[in-house]
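# Close look at the chain arrangement
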Amino acid sequence: MQPGPASIHQSVYHSRHHPHLDVRTTLDSIQPYATHVHDCLSLGIVTAGKTRLSFARGECVLHAGEGVLIASELAYSCNPVDNTPRSYHMFYIDKTWACRMLGIAEHAAIHVHTPFIRGTSIINTLIRLAEAIALGQGVPEADAELSHLIADRSSGIMPPDRIWADCPEGVSIADAAREAGMGREGFIRHVKREIGMTPGAYRQCLRLARARKLLRHGTDLAITALESGFADQSHLHRMCVKYFAATPKQLKPR
């Protein structure tokens, strides 16, 4: 039986010097992820081993010294290859900051047209940034380099018509399907085709996004669970492990 995420050395750090960034550092993990989405841009750097990156339309393997920029609300997973451990940094980049930097409206979607990052200079800068943030420090030139990287690889587009994305918490899948003029099963297939995951899984990720914000502000785990829409703290724990391969305590920024 493989060890659970609680036994893995991993932490999330919020940067005082770069307040638009949270950084997650994970070492020697074989913990898998379910397909998930974030409400921010994600930038992953593999520092040891290799990982399998899967999107709705394909997959690839990233090796140590390679990275990827992932648009907000794009469904993906990054899982071990041949059950071998990998280490990585994940930067969670505030979407409002990114939109402002790109000069686009905050409600616009960000399309990443060149996701893969290969190049010693930028990879080394990002690793140095992650290490500095973990120490409570900043890297003065990093914001400019990060802005250039995002601007060079992304563009603003009008958000797609996602009939599930704005669905209120209290609305059932059956009710949402009727509102859309579809049967329940047809609606689930439509959302999975458009988003890359089922409505139920997508809703769990929206709840987890709310939970991450509360955890960043130091909210108690039990209160975080209830205010995010989970049944209880145990439910929050299970969903964090399933979709983020980490415990809520590990996701609470330092």
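So, a few notes on the structure that sits alongside this text. (Residues numbered from 1 in each chain as written. Predicted model: local features only at pLDDT ≥ 70, side-chain atom pairs only at ≥ 80, totals over all residues. Heavy atoms only, no water.)

## Examining the state of the cysteines
This structure, assessed with the given rule, holds 0 disulfides. No disulfide involves C40; its nearest neighbouring cysteine sulfur is the one of C205, lying 12 Å away. Of the residues examined, C40 reaches a relative accessible area of 6% and is grouped as buried. C99 takes part in no disulfide bond, and the closest cysteine sulfur, belonging to C40, lies 12 Å away. (Disulfide = S-S within 2.5 Å. Buried < 20%, exposed > 50% of the residue type's maximum accessible area, 1.4 Å probe, protein only.)

## A few points about the sheet that holds strand β7 (residues 76-80)
Read across the sheet, 3 strands follow the order β5-β4-β7 without closing on themselves; strand pairing throughout is antiparallel. The open sheet has two edge strands, β5 (58-63) and β7, and neither has a second partner. Averaged over neighbouring strand pairs, the angle between their axes works out to 25 degrees when direction is ignored. (Pairing = 2+ DSSP bridges. Helix = DSSP H or I, 4+ residues; strand = E, 2+ residues; numbered from the N terminus. Axes fitted to C-alpha atoms, helices over the stretch in contact; angles between N-to-C directions.)

## Here we look at the pattern of salt bridges
Going through the model one piece at a time under the given rule, you end up with 9 salt bridges. The partner of R118 in a salt bridge is E66, with the nearest N and O atoms 3.1 Å apart. Pair noted here: R118 is in strand β10 (residues 116-118) and E66 is in strand β6 (residues 66-70), with a separation of 52 residues, a long-range link. For E66, a relative accessible area of 16% corresponds to the buried category. Across the pair E185 and R184 runs a salt bridge, and its minimum N-O distance is 3.2 Å. Classification of R184 by relative accessible area gives partly exposed; the value is 42%. Overlapping salt bridges, with partners in common, bring together D22, R212 and R216 in one network. (Salt bridge = Lys/Arg side-chain N within 4 Å of Asp/Glu carboxyl O.)

## Some remarks on unusual backbone geometry
Look at D28: it is not a glycine, yet its phi comes out positive at around 50 degrees. Looking at the secondary structure, you find D28 in strand β2 (residues 21-29). Notably, E73 is not glycine yet its phi reads approximately 60 degrees, a positive angle. Among the secondary structure elements, E73 is positioned in the loop between β6 and β7. The partly exposed category is assigned to E73, whose relative accessible area is 26%.

## Quick notes on helix α2 (residues 120-134)
Over its 15 residues, α2 extends 21 Å from the first C-alpha to the last, a length consistent with the 21 Å expected when each residue adds 1.5 Å. Among the residues of α2, I122, I123, T125, L126, I127, L129, A130, A132 and I133 are the ones counted as buried. (Expected span 1.5 Å × (residues − 1).)

## A word on the sheet that holds β6
Within a sheet, neighbouring strands are paired by backbone hydrogen bonds and run either parallel or antiparallel to one another. Strand order in the open sheet formed by 6 strands is β1-β2-β8-β3-β6-β10, and the pairing between neighbours is antiparallel. Two strands bound the open sheet, and with one partner strand each, they are β1 (9-14) and β10. Taken pair by pair, the neighbouring strands of this sheet meet at an average axis angle of 15 degrees, ignoring direction. Sheet topology places β6 next to β10; 3 bridges connect them, and they run antiparallel. Residue pairing across strands places G67 opposite I117, the latter belonging to β10.

## As for the side chain of N79
In this structure, N79 sits in strand β7. We classify N79 as buried; its relative accessible area is 18%.

## What about the environment of F230?
You can see F230 is positioned in the loop between α7 (221-228) and α8 (233-244). The exposure class of F230 is buried, given its relative accessible area of 3%. Distance in space between the C-alpha atoms of F230 and P85 is 31 Å, their sequence separation being 145 residues.

## Section: helix α1 (residues 95-102)
Turning to α1, its buried residues number three or more, namely K95, W97, A98 and C99. Buried residues in α1 make contact with β3 (41-48), β8 (86-93), β9 (109-112) and α3 (142-153). With a side-chain oxygen positioned 3.2 Å from the backbone nitrogen of T96, the residue opening α1 is D94. Where α1 terminates, the next one or two residues include G103, which has phi positive at roughly 75 degrees. (Contact = heavy atoms within 4.5 Å. Polar contact = N/O pair within 3.5 Å; in protein donor to acceptor, adjacent residues only side chain to side chain.)

## Re the nonpolar core
Membership of the largest hydrophobic core comes to 29 residues, with the highest contact counts inside it found for L43, L69, F91, I93, L146 and I150. Among the secondary structure elements, those contributing two or more residues to this core are β2, β3, β8, α1, β9, α2 and α3. With 8 residues, the single largest contributor to this core is α2. The contact partners of I93, leaving out residues within four places of it in the chain, are H20, L21, C40, L41, L43, L69, L146 and I150. If you look at the next biggest cluster of nonpolar residues, it comprises 28 residues, including A177, F187, C205 and C240. (Core = buried A, V, L, I, M, F, W, Y, C linked by side-chain atoms within 4.5 Å.)

Read these as spatial facts, not as claims about activity.
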